[in-house]
Amino acid sequence: KPAARAADTGALQARCRQAGKKATPEAMRDMRAPWWGCQAGIIIGNADLTHDQRLTLWDAAQHMRMVWASYYRAIGIAGRYPKCMSILAPPERLEADAASPPLDTRTDEERQREATSAMMRVEGLLGRISAIAASECKRVVLDDQQCFDAPGLLAGLRVVADGMAGR
């Protein structure tokens with residue numbers, strides 16, 4: 001267990017350095033949040049937001065990634081983030097129980113139609129802001145590229161979060 005703690009400490013110190021923060025115990029505790037692992041998350045983490053607001057924007061970013069991944073899978077495009085050096089065989093015997101997700105009985109056409117609809121809903125939400133801000137949001141969230149317009153990224157994530165909440 002001490003070896004794992006030392007590895008965590010090293011990773012958290014590296015995150016602090018990348019975020020431009022001194023590696024204090026408080027900063028390292030904050031660096032455990034999942035959003036510090038990508039460019040969009042770093043912008044969310046550095047923004048003047050409450051913890052709940054950060055969670056909401058992080059959920060919006062994760063939703064965008066999930067929607068695009070589902071869309072690519074449905075139309076047969078290789079994933080944006082290929083699995084490299086991973087074994088795709090299950091590590092143990094597969095069993096179903098009450099907690100297992102239900103079997104997906106949709107046809108390929110239904111999966112494609114629903115994935116396309118979900119992506120178009122997110123695109124429609126991003127259409128509520130400027131095209132430049134929407135493009136920045138997709139570029140940073142989906143491709144993990146450096147952010148040049150933090151307010152535009154946050155505006156995009158806000159409209160996606162509002163759409164997820166039905167507003």
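Within every chain, residues take consecutive numbers counted from 1 along the sequence as written. Totals for whole chains, interfaces and linings use every residue, but because this is a predicted model, local features are given only for residues with pLDDT of at least 70 and side-chain atom pairs only at 80 or more, for both listing and counting. Think of the side-chain values as coming from all heavy atoms in the structure, minus any hydrogens and water.

(A) Structural view of helix 3 (residues 39-46). Within helix 3, six of the eight residues are buried, leaving the element largely enclosed by the surrounding structure. Listed as buried for helix 3 are Ala 40, Gly 41, Ile 42, Ile 43, Ile 44 and Gly 45. Looking at the buried positions of helix 3, the neighbouring elements they touch are helix 4 (51-75), helix 6 (131-143) and helix 7 (150-164). A 1.4 Å probe rolled over the protein chains alone gives each residue an accessible area, and that area as a share of the maximum for its type sets the label: buried under 20%, exposed over 50%, partly exposed in between. Note on conventions: DSSP H or I runs of at least 4 residues are helices, E runs of at least 2 residues are strands, and numbering of each starts at the N terminus. Here a residue-residue contact requires only that any non-hydrogen atoms of the pair lie within 4.5 Å.

(B) Structural view of the packing of helix 3 against helix 4. Think of each axis as a best-fit line through the C-alpha atoms, taken over the contacting stretch in the case of a helix, with angles from 0 to 180 degrees between the N-to-C directions. Closest axis-to-axis distance for the helix 3/helix 4 pair is 10 Å, and the angle between their directions is 165 degrees. Here helix 3 is positioned roughly antiparallel relative to helix 4, judged by the angle of their axes. As helix 3 packs across helix 4, the resulting crossing turns out to be right-handed. Where helix 3 abuts helix 4, its residues Ala 40, Gly 41, Ile 44 and Gly 45 lie against Arg 54, Leu 57, Trp 58 and Arg 65. Residue polarity is assigned by list, with Asp, Glu, Lys and Arg as charged and Ala, Val, Leu, Ile, Met, Phe, Trp, Tyr, Cys and Pro as nonpolar; anything else, Gly included, falls into the polar class. A breakdown of the residues in the contact of helix 3 with helix 4 according to their chemical character gives four nonpolar, two polar and two charged. Angular relationships are summarised with four words: roughly parallel below 35 degrees, roughly antiparallel beyond 145, roughly perpendicular across 65 to 115, and oblique for the angles in between. The handedness criterion is simple: a crossing whose near helix is rotated anticlockwise from the far helix by less than a right angle is left-handed, and one whose near helix is rotated clockwise is right-handed.

(C) Geometry of helix 6. Counted at 1.5 Å a residue, the expected span for helix 6 with its 13 residues is 18 Å, and the 17 Å between its end C-alpha atoms agrees. Its buried side turned inward, helix 6 meets helix 3, helix 4, helix 5 (108-126) and helix 7. Following helix 6 by one or two positions, Asp 144 has its phi on the positive side, about 55 degrees. Expected span of a helix: the number of residues minus one, times 1.5 Å.

(D) How the structure looks around the pattern of salt bridges. We define a salt bridge as a side-chain nitrogen of Lys or Arg found within 4 Å of a carboxyl oxygen belonging to Asp or Glu. Applying the stated criterion to the full structure yields four salt bridges. Among the ionic pairs, Arg 111 bridges to Asp 108, the shortest N-O distance being 3.0 Å. In this pair, Arg 111 and Asp 108 both sit in helix 5, three residues apart, roughly one turn of the helix. Given a relative accessible area of 27%, Arg 111 falls into the partly exposed group.

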